[in-house]
Amino acid sequence: MHIIESGNVAAAFGVKMAEAAVIAAYPITPQTPLTEKLSELVDAGEMDAQYIPVESEHSALAVCIAASSAGSRTFTATSANGLLYMNEQLHWAAGARLPIVMCVVNRGIGAPWTVWNDHQDAISQRDTGWIQLYACDHQQIFDTVLKAFRLAETVSIPVMVCYDGYILSHTYMPFALPDMEAVRKFLPPFAPAYFLDPARPKNLNTVTLPDIRPDIRGETAPGYMEIRHNLHTDMRKSLDVLSDIEKEFKDIFGRGGYPFIEPYRVSDADYVAVCMGSLSYHLRDVIDTLRAEGISVGVAGLRVYRPFPDRAIADAFSHKKGLIVFEKALSYGNQGALFADIKSALYAKTDRPFVRNYILGLGGREIKTTELADALRNSCKPSSATTDRPEWIGLKM
Amino acid sequence: MTAKTTILNLTDEEFVHPGNRACSGCGLSIIYRTALKALGRDTILVVPPSCLTVLQGLYPVAATQLPSLNVTFASTAAAATGVLGALRAQGREKTTVAAWAGDGGTADIGLQALSGACERGENFIFFCYDNEAYMNTGVQRSGTTPQHVLTTTTPISGKPQKKKDVPAIMAAHGLDYIATASAAYPIDLYDKTIKAKTFTGPRYLHIHTPCPAGWGFLPQMTVKIGRLAVETGLFDLYEIENGRFRLTGQSAKMLGKKRLPVGDYFKTQSRFKALTDAHIEEIQQDVDRKWNAYENNDSPR
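Residues numbered from 1 in each chain as written. Chains lettered and ligands numbered in written order. Predicted model: local features only at pLDDT ≥ 70, side-chain atom pairs only at ≥ 80, totals over all residues. Heavy atoms only, no water.

Quick notes on the interface of chain B and chain A
Next up, step 1: Taken together, the contact pairs 41 residues of chain B with 41 residues of chain A.
Next up, step 2: With both chains or domains summed, chain B and chain A bury close to 3200 Å², and 62% of this area falls on carbon and sulfur atoms.
Next up, step 3: In this assembly, chain B and chain A are joined by 1 salt bridge.
Next up, step 4: Among the ionic pairs, R120(B) bridges to E55(A), the shortest N-O distance being 2.9 Å.
Next up, step 5: Counting across the interface, chain B meets chain A through 16 residue pairs in polar contact (both at pLDDT 80 or more).
Next up, step 6: Looking at the side of chain B that touches chain A, the elements with two or more residues in it are β1 (43-47), β2 (68-70), α3 (76-89) and α5 (111-120) of chain B.
Next up, step 7: Residue contributions to the side of chain B that touches chain A peak at 9 residues, all from α3(B).
Next up, step 8: Of the residues assigned to the side of chain B that touches chain A, the class counts are 18 nonpolar, 16 polar and 7 charged. (Contact = heavy atoms within 4.5 Å. Buried area = accessible area lost by both parts, 1.4 Å probe. Salt bridge = Lys/Arg side-chain N within 4 Å of Asp/Glu carboxyl O. Polar contact = N/O pair within 3.5 Å; in protein donor to acceptor, adjacent residues only side chain to side chain. Helix = DSSP H or I, 4+ residues; strand = E, 2+ residues; numbered from the N terminus. Nonpolar A, V, L, I, M, F, W, Y, C, P; charged D, E, K, R; others polar.)

Rendered as structure tokens:
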């Protein structure tokens, strides 16, 4: 069945069909219609879940952390400063290895206040130990929510589903809703190995020493460093898990198949534009225009940012002549975070393309097709070289 | 409430192992051991960073026999909310959810989450063990540190401000059951915990918890000092049940009788060394005013 709805409602239907049991959220623009829809679905009896309207984002994630620790499938959503307010809880959820799924409806962060889209909120949380997946349209939002629960519960790591505020959250597009039976086949019920249970008491997230230590039976328990090392290695392994899940999803639902990089006219291109979120779909028109001008360029949308698919990137792009990284976020005082990550991934290859960086769209600054085309025309040349500092698109200084 | 509970009525079952990491003379050890006996085995605990985190032990050793979720400092009541949400979703509603936070985790950094959870009517018992400063980090002032008390962040002149009245804040949320208790009167705490379990919705217990290391007294004096706080009328034992205030236990017995002077309490602890005679006189007048209101059945709340 296809319906026409907003991106936020697509996310809400994903959460409904994933049968999340405990939902906690605090309103923030542009996430609000998503949680409004979930509260409506629960209140109407269309969804069997506990909807908990908390008094802050910090508490929203606290509820999810505790409910997940008690053995229930949990969901929350936020944007911008709400995500930042969760920061300590983000680290906590990942360290506690809880398979929480959260939609991050990407928005710029204050000060000064902005409610419009960029990616600074999610990018600034890249080192919290959460998996970050990015959706490019409404169907991907819905599908990615389902995949996120499956991935989170397989690897015991929380997952953010990121999509662009307003551009996706508040626009209406058609998308398909699958049968519940197919969804249940893809996403079995949450069955944690342990949870808060008086019959099997455990003290969770205890103070943990720098070194390993024997338990009362004499068996060696890990220290803090081993526990954190495991989070890292399991996160690296989750790339393979994501790849398998993507295959299985495509087998069942007939969509997807691009766990890491979604290419458009890339295979025969000399140059590739790289970005995340809806911009990669916007760029497809620009690519068509430039192809008509004889410029050999394609666009690749990155679907996962953490764990970073560095090998997939190196394999896909090392033989290209140039990469042009468009970013709606910035590591202040340095360069675009994605730009730095891509250069780092390519360093493993002896043959590698030049890499250039454009910062654009911060705080919802309009991204003009002509500006994108000009940037690519300027960059897609044999004489281009790797830059160490970003250039800005649409800056009016 | 039965007045007949004695130490012999308490279950032999221990939920807190001896030899845990509490300091000698720790008031928290007394109340935690006693209240857990009242809470019983079908309980899930929620604990923010505090002395209790240390008492509970270092991974992989645990001093508590009940399942316990350690959570971030500001999130205790929200985490208790999350446990309850999962229990409802799974039909495990009979299990008691009890939060145990110190005064900082309750009155200061934890207050927003606690207020939100109380407003939502979450079905938990919140225990605040009030040792009147940030003891786990080394005796820094908190919202419930009394006026003029020396702490490591009020080291010379003492704390300028008065103690925050958290039970009154809880009363403003319209909770059905609020009680104060003291580590010096563990049976009273036991009875109040048993009684709290008979209510649904948020319930709040505020427990005065003497701390030898932070207050500057010898470990064998914990109970004596806890009693002095009550006997001088500085810390009162009471319940607010369905909005009705009444003194209980030792405080109820003191109605119509002469109280010990507050100075008797202050001279037992080095944290009160900055108090002048004028301060003590002023505090005595405050306590007298409060007790006059009690005598006239005119609750200051």
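More follows now that the structure is in view.
Some words on the domain arrangement of chain A
Residues and elements named next belong to chain A.
Next up, step 1: Each domain of chain A was delimited in the assignment, giving domain 1 (2-186) and domain 2 (261-392).
Next up, step 2: The distance between the C-alpha centroids of domain 1 and domain 2 comes to 27 Å.
Next up, step 3: Counting from both sides, the interface comprises 22 residues of domain 1 and, opposite them, 24 residues of domain 2.
Next up, step 4: Surface buried jointly by domain 1 and domain 2 totals about 1900 Å² across both partners, of which 54% is contributed by carbon and sulfur atoms.
Next up, step 5: The tally of links from domain 1 across to domain 2 stands at 1 salt bridge.
Next up, step 6: Notably, a salt bridge pairs D164 with K328, separated by 3.7 Å at the nearest N-O pair.
Next up, step 7: Between domain 1 and domain 2 we count 12 residue pairs in polar contact (both at pLDDT 80 or more) in total.
Next up, step 8: Those elements that provide at least two residues to the side of domain 1 that touches domain 2 are α6 (120-123), β6 (131-134) and α7 (138-155).
Next up, step 9: With 4 residues, the single largest contributor to the side of domain 1 that touches domain 2 is β6. (Domains from an automatic or database assignment.)

Notes on the packing of helix α3 (residues 57-69) of chain A against helix α5 (residues 87-95) of chain A
Residues and elements named next belong to chain A.
Next up, step 1: Between α3 and α5, the shortest axis-to-axis distance is 9 Å and the interhelical angle comes to 15 degrees. Classified by the interaxial angle, the pair formed by α3 and α5 is roughly parallel. Here α3 runs over α5; the crossing is left-handed. Contacts between α3 and α5 involve H58, L61, A62 and I65 on the former and, on the latter, E88, Q89, L90, W92 and A93.
Next up, step 2: For the contact of α3 with α5, the per-class residue count stands at 6 nonpolar, 2 polar and 1 charged. (Axes fitted to C-alpha atoms, helices over the stretch in contact; angles between N-to-C directions. Parallel < 35°, antiparallel > 145°, perpendicular 65-115°, else oblique. Left-handed = near helix turned anticlockwise from the far one by under 90°.)

Describing helix α11 (residues 310-317) of chain A
Residues and elements named next belong to chain A.
Next up, step 1: Every buried residue of α11 is accounted for by I313, A314 and F317. Viewed end-on, α11 has its buried residues packed into an arc of 95 degrees, placing them on one side of the element. Relative to its buried face, α11 has exposed residues pointing more than 90 degrees away, namely R311 and D315.
Next up, step 2: Contacts from the buried residues of α11 go to β12 (261-264), β13 (271-276), β14 (297-302), β16 (322-327) and α12 (337-346). (Buried < 20%, exposed > 50% of the residue type's maximum accessible area, 1.4 Å probe, protein only. Arc of directions from axis to C-beta.)

Here we look at the packing of helix α10 (residues 279-292) of chain A against helix α13 (residues 369-379) of chain A
Residue and element names in this part refer to chain A.
Next up, step 1: For the pair α10 and α13, interaxial distance at closest approach is 10 Å and the crossing angle is 65 degrees. Where α10 crosses over α13, the two elements pack in a sense that is right-handed. In this structure, α10 uses L279, L283, V286, I287, T289 and L290 to contact α13, whose residues at the interface are T369, L372, A373, L376 and R377.
Next up, step 2: When the residues that make up the contact of α10 with α13 are grouped by side-chain class, the tally is 8 nonpolar, 2 polar and 1 charged.

Comments concerning a nonpolar patch on the surface
Next up, step 1: Taken together, the side chains of W392(A), L395(A) and M397(A) define a hydrophobic patch exposed on the protein surface, amounting to about 410 Å² of accessible area.
Next up, step 2: Secondary-structure assignment places W392(A) in strand β18 (residues 391-392). (Patch = residues over 30% accessible without salt bridge, like charges linked within 9 Å, V, L, I, M, F, W, Y side chains within 5 Å. Areas by Shrake-Rupley, 256 points an atom, 1.4 Å probe, with all protein chains shown as cover.)

Things to note about the packing of aromatic side chains
Residues and elements named next belong to chain B.
Next up, step 1: Applying the stated rule across the entire model yields 19 aromatic pairs over all chains.
Next up, step 2: Taking 5.5 Å as the distance between ring centres and 20 degrees as the angle between the ring planes, the aromatic pair formed by F245 and Y294 counts as stacked. Taken together, the residues span a long stretch of sequence, with F245 in strand β8 (residues 244-247) and Y294 in helix α12 (residues 277-295) at a distance of 49 residues.
Next up, step 3: Y294 gets classed as buried once you look at its relative accessible area, which sits at 6%.
Next up, step 4: For the pair W291 and Y294, a centre-to-centre distance of 4.9 Å together with 85 degrees between the ring planes defines the contact as edge-to-face. Of this pair, W291 and Y294 are both found in helix α12, 3 residues apart, which corresponds to roughly one turn of the helix.
Next up, step 5: Since its relative accessible area comes to 0%, W291 is described here as buried.
Next up, step 6: Aromatic rings pair up to connect Y238, F245, W291 and Y294 into one cluster.
Next up, step 7: For the cation-ring pair, R271 lies above W215, with the distance from its terminal atom to the ring centre recorded as 3.7 Å. (Phe/Tyr/Trp six-rings, centres within 6.5 Å; stacked < 30°, edge-to-face > 60°. Lys NZ or Arg CZ within 6 Å of the ring centre and 35° of its normal.)

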